[in-house]
Amino acid sequence: MIAAEIAQAVSARLAVITKANGYATDCGVRVYRGRRRLDAEAPPCVVVAELEDTVLEQTMKGSLHLSQVYAIEAHAETTDPDNPNDLCHQMLFDLKRAVFGPKESLHTNVRKIEYRGRTIGPRDEGTALVFASIRIAVEYAEKLGET
């Protein structure tokens, strides 16, 4: 359950990404955990994908120190088809600010949040949809068999 609680906490941080909250975009109006396909009405939105986790340390009693990798994608429609990356850079800034800006911890078991890089996706011809993503790793502790 700790992994699910952390994923929900990441989603909650991303849900504040709105212009009304002082961000450059409104990508946080819809946040999806694990959604693969987006319909035309979904953007602007953020999709949180949980990728691999890595055991960093394990004791004989089942205590684990894990690193969970997340890919966090922001999707929106650009109004400038000649310079779609401009919106992508705004979305990247918003994602980083939402994830790394707050001082409070994601969860009592989280030890560290690490930035792992970013991607700007190419805009498909004939569409205004663009996306940008960041990858993060969240280190946390849990005990096997306990919630």
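Fair warning: this is a prediction, and the values are worked out from it, not measured in the lab. (Residues numbered from 1 in each chain as written. Predicted model: local features only at pLDDT ≥ 70, side-chain atom pairs only at ≥ 80, totals over all residues. Heavy atoms only, no water.)

Caption draft 1: Broad picture of the overall build of the chain. From N to C terminus, the chain includes 2 helices and 5 strands. Sequence-ordered secondary structure for the chain, helices as α and strands as β, is α-β-β-β-α-β-β. Counting the 147 residues in the chain, one finds 41% classified as buried. Put simply, of all contacts in the chain between residues at least 6 apart along the chain, 61% involve residues at least 24 apart. Put simply, the chain shows about 8,300 Å² of open surface, and 48% of that area lies on carbon and sulfur atoms. Side-chain charges of the chain comprise 18 positive and 21 negative groups, with the mean position of each set lying 5 Å from the other. (Helix = DSSP H or I, 4+ residues; strand = E, 2+ residues; numbered from the N terminus. Buried < 20%, exposed > 50% of the residue type's maximum accessible area, 1.4 Å probe, protein only. Contact = heavy atoms within 4.5 Å. Areas by Shrake-Rupley, 256 points an atom, 1.4 Å probe, with all protein chains shown as cover. Lys, Arg positive; Asp, Glu negative; His and termini not counted. Charge placed at Lys NZ, Arg CZ, Asp CG, Glu CD.)

Caption draft 2: How the structure looks around the environment of Leu56. With respect to the helices, strands and loops of the structure, Leu56 is situated in strand S2 (residues 45–58). With a relative accessible area of 43%, Leu56 lands in the partly exposed category. Along the primary structure Leu56 and Ala141 are separated by 85 residues, whereas in three dimensions their C-alpha atoms are 9.8 Å apart. Setting aside its immediate chain neighbours within four residues, Leu56 contacts His65, Leu66, Ser67 and Glu139.

Caption draft 3: Here's a closer look at the sheet that holds strand S5 (residues 129–143). One open sheet accounts for 5 strands, arranged S1-S2-S3-S5-S4; its pairing is mixed. Every interior strand has two partners, whereas the edge strands, strand S1 (31–33) and strand S4 (110–120), have only one. Adjacent strand axes in the sheet meet at a mean angle of 25° when their direction is disregarded. Here 9 bridges tie S4 to S5, and the two strands are oriented antiparallel to one another. (Pairing = 2+ DSSP bridges. Axes fitted to C-alpha atoms, helices over the stretch in contact; angles between N-to-C directions.)

Caption draft 4: Summary view of the pattern of salt bridges. Scanning the entire structure with this criterion turns up 4 salt bridges. A salt bridge links Arg35 to Asp39; the nearest nitrogen and oxygen atoms lie 3.3 Å apart. Each member of the salt-bridge network shares a partner with another, and the members are Lys112, Glu114, Arg116 and Glu139. (Salt bridge = Lys/Arg side-chain N within 4 Å of Asp/Glu carboxyl O.)

Caption draft 5: Inspection of the packing of aromatic side chains at higher detail. One pass over the full model with this rule turns up 1 aromatic pair. With centroids separated by 6.4 Å and ring planes inclined at 70°, the aromatic side chains of Phe100 and Tyr115 adopt a geometry described as edge-to-face. On the criterion of sequence distance, the pair formed by Phe100 in helix H2 (residues 84–100) and Tyr115 in strand S4 is long-range, its members being 15 residues apart. For Phe100, a relative accessible area of 31% translates into the label partly exposed. On the basis of relative accessibility, which here comes to 37%, the residue Tyr115 falls in the partly exposed class. The aromatic ring of Tyr23 is capped on one face by Arg97, whose charged end is 4.0 Å from the ring centroid. (Phe/Tyr/Trp six-rings, centres within 6.5 Å; stacked < 30°, edge-to-face > 60°. Lys NZ or Arg CZ within 6 Å of the ring centre and 35° of its normal.)

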